[in-house]
Amino acid sequence: MLSRVAESIYWMARYIERAENTARFIEVNLNLVLDQPMGVDQPWRPLINASGDEKVFDKHYEIADADSVTRFMAFDRSYPNSVISTLRNARENARSVRESLSSEAFEQINALYHYVNAEARSGVVLDSPTDFFDSIRRHCHLLTGILDATMSHDLAWHFANMGRLLERADKSSRILDVKYFTLLPTVDSVGTAHDDLQWSSLLFSISGFEAYRRQHHMIRSESVVDFFLLHPEFPRSVLFCIENTEWSLAAIARGATDERHAVAANLVAEVRQRLRETEATEIVRFGLHEFVDSLQSDMNRIGAAITQTYFR
Amino acid sequence: MKVLAAHLVDTGRYHRLRCRLGRRAQQHSPTGFSEFLRGWRGTPCDVVRTCNLYQRANTVSVSDPISFADYEPGDFFDELIEPDNQARPDAAPLVEVINRLPSGDLLRRQAAIERSLHRMGITFTVYGDTSGTEKIFPFDIVPRVVGWMMWRHVEAGLKQRIKALNLFLDDVYNAKEILREGLIPRDLVENASTYLQPCVGLKPPGGVWCHVTGTDLIRDADGAVFVLEDNLRCPSGVSYVLQNRAVMKRNFPQVFGSCRVRPVSDYPSRLYETLQSLASDRVADPTVVVLTPGIYNSAYYEHSFLAHQMGVELVEGRDLVVKDGFVYMRTIEGPQRVDVIYRRVDDTFIDPQVFNKQSVLGVAGLMDVYRRGNVALANAPGTGVADDKVVYAYVPEMIRYYLNEEPILPNVPTYICQRDEDRKYVLDHLDELVVKPAGESGGYGMLIGPHSTAEQRAEFAEKIKHDPRNFIAQPTLSLSRMPTLIDGVLQGRHVDLRPYILHGKDIWVLPGGLTRVALRKGSLVVNSSQGGGSKDTWVAAEPGHGDVDTQTDE
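Note that this is a predicted model, so its numbers are computed, not measured.

**A closer look at the overall build of chain B**
Looking only at helices and strands, chain B features 18 helices and 22 strands. Looking at the 554 residues of chain B, the share that counts as buried comes to 44%. Restricting to contacts in chain B with at least 6 residues of sequence separation, those with at least 24 account for 70%.

If you want it as structure tokens, here you go:
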């Protein structure tokens, strides 16, 4: 398999996952804001903060409200992480490796891009944003299904899988981080219905509310953190993503005697081990935001190692 | 209908769509409209596009079914309809089927085909448009039918021609006998910019230089076939031949039952076979790749399509590297050897060490490996010298010289501006002639005399006097026409035909080809860059020949 093709497939999957998660990001806040008590200052600000792109936003927009944040994160063609930009990148990557994908997969990426592009130009999205973001999610699920059901689970598939999971791990941790930036009205609000609501909407945004309820019944911050970061079976938890990345990396390196395969694999194993040995209570004590921060730099290192090993 | 309505309400588009469609469409033909919606599948943006098309169709003719009854073949040779408005024998079943379609059916199918092409991403980007608009290459639903008798003639003529052209290429880069005998002026060949010095003395396998050819044919007012151009470098368009057939079979299956159409779907396997046959005998299981300039090339879709269909890697220059006299591609498991390269990069860009120093599309050292016989290239570099528009004028001579045969397919009469006599005639008759620059393709830089202004003619007269070697002129032929669906009515539009020829161990002509159609009324320019579209091309099977495309086979 060509290195360039591997790289394009990896990025194609990452960009699609990024678009999906950005859509989830916005959707969760839309719900959250509806339940926000009056007088909360700038309920859209946390989203921008958690994205890590405040500077870009502030340069082009004056205030962070539903309208400006949606425009920025969904339709701003000059912002590289907006839904439309990431989908364009995904499609460019797919186009350059079209012959390595199934026709169905390419057509689905194409359809998704055209759908968002048409909505971006029509400008009616803001009338019913939930439908729009919901559709993006469905489109992405369909694509995942198509990739799984129409492609050999060969090297190309494993690179796509890895791209998807690493991006997802990063984004799940960022969604959790939104909570850190979302200030409660007063210190007394911790543990109130309002606090509960915030944690629940985070769970909704990773489609994990039901799975969480089945296991924990009650909303407790430690349990939510555990579910997001340390759940071994829920497919959007960071641990799950890391363990499956490890599996795909092993499949790619299978049969290879080359030493260089080990670099990325060792890094992933290290992160997996650390997550396995950590308790949610420790994370909360240590500082959730700080922990998420260190996780993200770990994942950046994994990404860099994969690039170095397979794409250069 | 319910599903669609619900979906539209869901996406908040129902109201807008209704406004957009207007009451007009509904008033005119409510049943037609709901029938149209019932058949609808796709995303909301498809729906709007389709509805626009439907509305356009409705404003033109709502109740009249589209038929050939009012079709005007005019003073041209028409590919489907004879002057007395009867269908030509091979086209009769097709014409019959179309005439009997219910009202609106043909338009609906045309719209469905356009949707398919869009969904498959067979589109090109509109340059300078930042909103991401993409267009499909226009496709017309009325297929061209080529009778088996004519095809037999064309096939024989093309085989003869490509054989002579390959002998010519091998000759001018080696013994140069044809030049020594003075049949073709030496300076014409050796000073052509397409004559590549680094190729002198090369001996490609089997003496074949040009493995993939797409020859442009036209028919005049009497229906006689002429060769307009030999495309011997990187001819494109064959993917459209295959895709046009595929979408026609999907969206208009019943017409295949009526005509005995020869299939085209085996082109990729034939191409693969041809390419594999070029590898050195020392290689047991040769690795074939397709070399593309990348996704921004206008033919990128085709490169990707062919690689996909053949199941080989599509590589860019940066994926390849030369080491120890061989070419390798960079894979995640390290370098892997490549034996045959189907190059879709222009020959002067394939190796910056030998040709264009600035090229980033090629592979440094590739020509050296090629000379050692460690990699095969299709087509061989240097073939451009034989499709120079001046050299073209000598192809009939080549056929007589190398094969000792009379040309089966004639050239279009050509005036060579370098000859004093011809030049004088050309300058005196600029308003009647088509003037073409020798080295250009794609329909660029031409003067079409009858459609030109005095200013343009004066400009060309200067150009010709300044650089006579670079120009030829041909009479303006009244190209044959085809019924084409324009604004909801069948109208005659000019067409040409590009069949594809593969030359490995044997010569094989794909039974079909790309029919390009000039969609602008009266226009003779069929190039897609200049408002041309394409049609499916049906070669009728010979009587008793069983190999035909049916609606069930895919």
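**Regarding the overall build of chain A**
A count of helices and strands for chain A gives 15 helices and 0 strands. Over its C-alpha atoms chain A spans a radius of gyration of 19 Å, differing by no more than 12% from the 20 Å that the globule rule assigns to 312 residues. Projecting the C-alpha coordinates of chain A onto the three principal axes gives extents of approximately 60 × 50 × 35 Å. For chain A, the residues scored as buried account for 49% of the 312 residues in total. Put simply, 70% of the contacts in chain A that link residues at least 6 apart link residues at least 24 apart.

**Observations concerning the sheet that holds strand S10 (residues 334-338) of chain B**
Residues and elements named next belong to chain B. Spatially, the 3 strands line up as an open sheet ordered S8-S9-S10, and their pairing is antiparallel. Lying at the two open borders of the sheet, with one neighbouring strand each, are strand S8 (320-323) and S10. This sheet shows a mean twist of 45° between the axes of neighbouring strands, independent of strand direction. The pairing of S8 with strand S9 (residues 326-331) spans 4 bridges and is classified as antiparallel. In the sheet register, Val322 faces S9, and the bridge partner there is Val327.

**Structural notes on the sheet that holds strand S12 (residues 376-378) of chain B**
Residues and elements named next belong to chain B. Within the open sheet, the 4 strands sit side by side as S7-S6-S11-S12. Their pairing is parallel. Pairing within the sheet leaves two strands with one partner each, and these edge strands are strand S7 (313-315) and S12. On average, each strand axis in the sheet is inclined to that of its neighbour by 30°, with strand direction left out of account. The pairing of strand S11 (residues 340-343) with S12 spans 3 bridges and is parallel. Looking at S12, one finds that Tyr342 is bridged to Ala378.

**Quick word on unusual backbone geometry**
For the bond from Ala378(B) to Asn379(B), the omega torsion is -15°, close enough to zero to count as cis. Following the sequence through the fold, Asn379(B) ends up in the loop between S12 and helix H15 (389-392). Of note, His217(A) is a non-glycine position whose phi angle comes to about 60°, a positive value. By the element assignment, His217(A) lies in the loop between helix H10 (209-216) and helix H11 (221-230). If you check the backbone angles, Asn85(B) has positive phi at about 70° while not being a glycine. Inspection of the secondary structure assignment puts Asn85(B) in the loop between helix H4 (44-60) and helix H5 (92-99).

**Section: the domain arrangement of chain B**
As assigned here, chain B comprises domain 1 (281-373) and domain 2 (413-475). Computed from C-alpha atoms alone, the centre-to-centre distance between domain 1 of chain B and domain 2 of chain B is 38 Å.

**A word on the environment of His118(B)**
Tracing the sequence through the fold places His118(B) in helix H6 (residues 105-119). Given 21 C-beta atoms within a 10 Å radius, His118(B) is considered buried.

**A few points about the pairing of strand S16 (residues 471-475) of chain B**
Residues and elements named next belong to chain B. Burial runs high along S16: 4 of the 5 residues are buried. Alignment of strand S13 (residues 415-416) against S16, held across 2 bridges, turns out to be antiparallel. If you follow Tyr415 over to S16, its bridge partner there is Ala473. Relative to S16, strand S14 (residues 433-437) is paired through 5 bridges, and the arrangement is antiparallel.

**Some words on the pairing of S10(B)**
Residue and element names in this part refer to chain B. With 5 bridges connecting them, S9 and S10 associate as antiparallel partners. Residue Val327 lies in a different strand from S10, and its bridge partner there is Val338. Counting the residues that bridge the hairpin from S9 to S10 gives 2 residues.

**Observations regarding the environment of Leu447(B)**
Residue and element names in this part refer to chain B. Inspection of the secondary structure assignment puts Leu447 in strand S15 (residues 447-448). Assessed through the 22 C-beta atoms surrounding it within 10 Å, Leu447 is described here as buried. For the pair Leu447 and Leu433, spaced 14 residues apart in sequence, the C-alpha to C-alpha distance is 8.0 Å.

**Observations concerning the nonpolar core**
It is characteristic of soluble globular proteins that their nonpolar side chains tend to be buried jointly. Counting 234 residues, the largest nonpolar core has Ile9(A) and Leu165(B) as its most contacted members. The element that contributes the greatest number of residues to this core is helix H1 (residues 3-34) of chain A, accounting for 15 residues.

**Section: helix H15 (residues 288-311) of chain A**
Residue and element names in this part refer to chain A. Between its terminal C-alpha atoms H15 stretches 34 Å, which fits the 34 Å expected from 24 residues at 1.5 Å a residue. Looking only at H15, the buried set comprises Leu288, Phe291, Val292, Leu295, Asp298, Met299, Ile302, Ile306, Thr309 and Tyr310. The inward-facing, buried residues of H15 abut H1, helix H8 (155-181), H11, helix H12 (238-253), helix H13 (261-277) and helix H14 (280-286).

**Remarks on the packing of H8(A) against helix H9 (residues 193-205) of chain A**
Residues and elements named next belong to chain A. At a minimum axis distance of 10 Å, the contact between H8 and H9 shows a crossing angle of 160°. With respect to their mutual orientation, H8 and H9 come out roughly antiparallel. The handedness of the crossing between H8 and H9 is right-handed. Residue-level inspection shows Ile175, Leu176, Val178 and Lys179 of H8 in contact with H9, the latter providing Gln198, Leu202 and Ser205. In terms of residue class, the contact of H8 with H9 is made up of 4 nonpolar, 2 polar and 1 charged.

Cut-offs and rules
Residues numbered from 1 in each chain as written. Chains lettered and ligands numbered in written order. Predicted model: local features only at pLDDT ≥ 70, side-chain atom pairs only at ≥ 80, totals over all residues. Helix = DSSP H or I, 4+ residues; strand = E, 2+ residues; numbered from the N terminus. Buried ≥ 20, exposed ≤ 12 C-beta atoms within 10 Å, placed from the backbone. Contact = placed C-beta atoms within 7 Å. Rg over C-alpha atoms; globule rule 2.2 N^0.38 Å. Pairing = 2+ DSSP bridges. Axes fitted to C-alpha atoms, helices over the stretch in contact; angles between N-to-C directions. Domains from an automatic or database assignment. Core = buried A, V, L, I, M, F, W, Y, C linked by C-beta atoms within 7 Å. Expected span 1.5 Å × (residues − 1). Parallel < 35°, antiparallel > 145°, perpendicular 65-115°, else oblique. Left-handed = near helix turned anticlockwise from the far one by under 90°. Nonpolar A, V, L, I, M, F, W, Y, C, P; charged D, E, K, R; others polar.

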